[in-house]
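What follows is each chain in one-letter form.
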Amino acid sequence: KVYSDYFFDEPAFNTHDGGYVPLEVAAAPARPLAIPPLLKPDKETATDLYYTVTAQAGETQILPGAKTKTWGYNASVLGQTIVFPVGKHIHVHLQNHLKELTTFHWHGLAVTGPYVDGGCHAPVYPGETSDIDFTLDQPAATTWLHAHPCPSTAEQVWHGLATLALVTDDHINSLPLPHDYGVNDIPLVLQDRRFHENNQWDYRADYDPDGVQGPTALINGTVNPYFDVTTQKLRLRILDGANRREWRLHFSDDLPFTQIAGDSSLLAHPVTLTHLMMTCAERAEVIVDFKDYKEGDTVTLFSDDVPIVSFRIHVFAPDDTTLPADLLDVQAPLPDPAMPVRKVVMSGMDEAVAIDGKKFNMQRIDATQQMGQAQYWDVTNTNTMHGGMVHPFHVHGTQFLVVSRNGHAPYPNETGFKDTVGVNPGETVRLLVRFDLPGVYMYHCHIIEHEDGGMMAQIQVIDPAEPNKTYKLMDMDTL
Ligand code: C2O
Ligand code: CU
Ligand code: CU
């Protein structure tokens, strides 16, 4: 079966938003797609792995002419790709070379909150450093690092503070997938920006409380990118790294592709699609098979009707590997039948956004859950189909399963673990959520301006061995 729709409710697509900024093809030459280099460890032993991650400001040649002032991790924009093998003891030395406070949030990693997790309670002040360490016990996944200081997450991500962090394990490494990073295993970080005078980005000028957008697609920081295809199959690790934009992806010729992974794990089974919609912060890994193309052909990836990446086909060796019918044995943690269902309500638009009728307060714990206990969360978007929007709901420190959408089966590409789920207007999405580590974790809409605008709350996960543990929480005034 080949699915050919976007699954989400069409009347809620961002194109209907009054403030929607359509993508346009930039009047700029085609350039090779930037492939972020893999971050070299400072040191590696059989058991431990050491990295340094530096948030820094720089300048990047994105368009012809003036360089753009940008921020990045170990790079002038975005960052180097970090690899975290499951089971290794990872040490990360965080350095802030910016002129303002930042935080280093590991979106999708199962690490303790609120400090290692790097949300707003873990500031690294300008010129300072911080050290974290953790050992991952989670499925292989494409996760990411981004800044998360409240309430300027959106602005810092807009400047470029976002990079990929690949969680690897023996299971994924044993599968017949493209594994050669930069050759047939390619990240695609999808973002959009407006270039102002002298090719500069101007967050304040473009500000919109429903999410900042720009007309120019920026893929791994490249405008009008092309990629030279030298293998029959490509694995694309796609991240919606935009502040606001949804991406509705499809190839020229409606070339089908196979999704193998979502945010936080492989899917249970591969799903073949011709169209894929991604909401902010979601990830998808897809395999594209160019068997019907030959040297000299070009295959184009579009979002809606705008080309965003060209794949230039070169000679390749035939590749007859097939994907296994089962990619991951997804074990659903069973909730205690006596456990009540947690209700979470996302409401409003613009400045009126809220969770459970409240704005975020850094000092308030909004909910608690016992460590290791699974619970259903019913997450409702009370926007109406008339001018309402899809709110991408994200939870820190967990990998959840999507159980149902308004009582119906979730979308066919939601069979794996996720950490972000797009909730349509008028919809209640039931999630199965379990936290395996104690701490304080944020949950929020991942339209980043909504999160900064208060559509965010936090939950304390209680370790039964330490039920009265408290955490030092920042507040806006101490920042
Ligand atoms: Cu992508 Cu609170 O995070
Ligand atoms: Cu997160
Ligand atoms: Cu939202």
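Residues numbered from 1 in each chain as written. Chains lettered and ligands numbered in written order. Predicted model: local features only at pLDDT ≥ 70, side-chain atom pairs only at ≥ 80, totals over all residues. Heavy atoms only, no water.

Draft legend 1. Expanded view of the sheet that holds strand 7 (residues 82–85). In spatial order, the strands read 7-12-11-9; together these 4 strands make up an open sheet with mixed pairing. Where the open sheet ends on each side, the last strands, each with one partner, are strand 7 and strand 9 (105–107). With direction set aside, neighbouring strand axes in the sheet form an average angle of 30 degrees. As judged from the 4 bridges shared by strand 7 and strand 12 (residues 162–168), these two strands associate in the parallel manner. Bridging from a neighbouring strand, Pro85 pairs with Thr168 of strand 12. (Pairing = 2+ DSSP bridges. Helix = DSSP H or I, 4+ residues; strand = E, 2+ residues; numbered from the N terminus. Axes fitted to C-alpha atoms, helices over the stretch in contact; angles between N-to-C directions.)

Draft legend 2. Layout of the coordination of the copper ion (ligand 3). Coordination sphere of the copper ion (ligand 3), protein contribution only: His391 (ND1), Cys445 (SG) and His450 (ND1), at 2.0 to 2.1 Å. Each donor residue of the copper ion (ligand 3) belongs to the same chain, and together they define the spacing H-x53-C-x4-H. Linking His391 in strand 28 (residues 391–395) with Cys445 in strand 32 (residues 439–445), this pair joins segments that are 54 residues apart in sequence. Note on His391: relative accessible area 0%, which makes it buried. (Donors = N, O, S within 2.8 Å, 3.2 Å for Na, K, Ca; no water. Buried < 20%, exposed > 50% of the residue type's maximum accessible area, 1.4 Å probe, protein only.)

Draft legend 3. View of the pattern of salt bridges. The full count for this structure, using the stated rule, is 24 salt bridges. Between Lys88 and Glu44 there is a salt bridge, with the nearest N and O atoms lying 2.7 Å from each other. Here Lys88, found in the loop between strand 7 and strand 8 (89–96), pairs with Glu44, found in strand 3 (residues 43–44); they are 44 residues apart in sequence, far enough to count as distant. The partner of Arg237 in a salt bridge is Glu285, and the shortest N-O contact between them spans 3.4 Å. With Arg237 in strand 16 (residues 233–240) and Glu285 in strand 21 (residues 283–289), this residue pair connects regions lying 48 residues apart in the sequence. Relative accessible area serves as the criterion here: at 2%, Glu285 is assigned to the buried category. Residues joined in a network through salt bridges with shared partners are Asp17, Arg244, Glu246, Arg248 and Asp304. (Salt bridge = Lys/Arg side-chain N within 4 Å of Asp/Glu carboxyl O.)

Draft legend 4. Main features of the coordination of the copper ion (ligand 2). Surrounding the copper ion (ligand 2) are the protein donor atoms His105 (NE2) and His394 (NE2), at 1.9 Å. One end of the pair, His105, is in strand 9; the other, His394, is in strand 28, with 289 residues separating them in the sequence. Overall, His105 belongs to the buried group, its relative accessible area being 0%.

Draft legend 5. Region of the structure containing the nonpolar core. Within the largest apolar cluster, 44 residues are counted, with the highest numbers of intra-cluster contacts made by Leu188, Leu236, Phe251, Phe290, Ile308 and Phe311. No other element matches the 5 residues that strand 23 (residues 306–313) contributes to this core. (Core = buried A, V, L, I, M, F, W, Y, C linked by side-chain atoms within 4.5 Å.)

Draft legend 6. Main features of the environment of Val288. Tracing the sequence through the fold places Val288 in strand 21. Using a relative accessible area of 1% as the deciding quantity, one classes Val288 as buried. Discounting residues that sit within four places of it in the chain, Val288 has contacts with Gln232, Lys233, Leu234, Leu236, Phe251, Leu255 and Phe257. (Contact = heavy atoms within 4.5 Å.)

Draft legend 7. Region of the structure containing the pairing of strand 24 (residues 342–347). With 5 bridges connecting them, strand 24 and strand 27 (residues 375–381) associate as parallel partners. Considered in strand 27, the bridge of Val345 is made with Thr380. Pairing between strand 24 and strand 25 (residues 354–355): 2 bridges, direction antiparallel. What sits directly across from Ser347, in strand 25, is Ala354. Here strand 24 folds back onto strand 25 in antiparallel fashion, the turn holding 6 residues, of which Gly348 has a positive phi close to 85 degrees.

Draft legend 8. Inspection of the environment of Pro11 at higher detail. With respect to the secondary-structure elements, Pro11 resides in the loop between strand 1 (2–3) and strand 2 (31–32). By relative accessible area, Pro11 is classed as partly exposed at 40%. Taking the C-alpha atoms as reference points, Pro11 and Asp170, separated by 159 residues in sequence, lie 42 Å from one another. Other than its neighbours up to four places away in sequence, Pro11 contacts His16 and Met385.

Draft legend 9. Structural context of the side chain of Thr153. Within the secondary structure, Thr153 is located in helix 1 (residues 153–159). Setting aside residues no more than four positions away along its own chain, Thr153 makes contact with His146, Ala147, His148, Ile448, Glu451 and Asp452.

Draft legend 10. Looking closely at the domain arrangement of the protein. You can read the domains of the protein as domain 1 (2–6 + 178–313), domain 2 (14–174) and domain 3 (342–478). Relative placement of domain 1 and domain 3: their C-alpha centres are 26 Å apart. The interface of domain 1 with domain 3 comprises 27 residues on the first partner and 22 residues on the second. Summing the contributions of domain 1 and of domain 3, the shared interface buries around 2000 Å²; its carbon and sulfur component is 49%. For domain 1, the biggest contributors to the area lost against domain 3 are Pro209, Asp210 and Ser264; these three give 26% of the whole. (Domains from an automatic or database assignment. Buried area = accessible area lost by both parts, 1.4 Å probe.)

Draft legend 11. Focus on the pairing of strand 18 (residues 257–261). Along strand 18, 5 of the 5 residues are buried, which leaves the element largely enclosed by surrounding structure. Turn length for the strand 18-strand 19 (residues 266–273) hairpin, with the two strands adjacent in sequence and antiparallel, is 4 residues.

Draft legend 12. Here's a closer look at the sheet that holds strand 27. Strand order in the open sheet formed by 5 strands is 25-24-27-31-29, and the pairing between neighbours is mixed. Unpaired on one side and paired on the other, strand 25 and strand 29 (401–405) mark the two borders of the sheet.

Draft legend 13. Fine view of empty space enclosed by the protein. With the rule as written, the count across this model stands at 3 cavities of 30 Å³ or more. What the largest cavity holds in volume is close to 130 Å³. What lines the largest cavity is a set of 15 residues, among which Leu276, Met277, Glu282, Asn413 and Lys418 lie closest to the centre. The biggest single contributor to the lining of the largest cavity is strand 20 (residues 276–278), with 3 residues. (1 Å grid on protein atoms, 1.4 Å probe; cavity = no way out; pocket = protein on both sides within 12 Å on 5 of 7 lines; lining within 4 Å. Points joined across faces, edges and corners; volume = space filled by probe spheres on them.)

Draft legend 14. Fine view of the packing of aromatic side chains. In this structure the tally under the stated criterion is 23 aromatic pairs. Considering the side-chain rings of Phe84 and Phe134, the 5.4 Å spacing of their centres and the 85 degrees angle between planes classify their relative orientation as edge-to-face. Note that Phe84 is positioned in strand 7 and Phe134 in strand 10 (residues 129–135), a separation of 50 residues in sequence. You'll find Phe84 and Phe134 in the same group, each marked buried. Taken together through their ring pairs, the aromatic side chains of Phe227, Phe251, Phe257, Phe290, Tyr293 and Phe311 make up a single cluster. Sitting above the plane of the Tyr50 ring, Lys43 keeps its charged end 4.7 Å from the centroid. (Phe/Tyr/Trp six-rings, centres within 6.5 Å; stacked < 30°, edge-to-face > 60°. Lys NZ or Arg CZ within 6 Å of the ring centre and 35° of its normal.)

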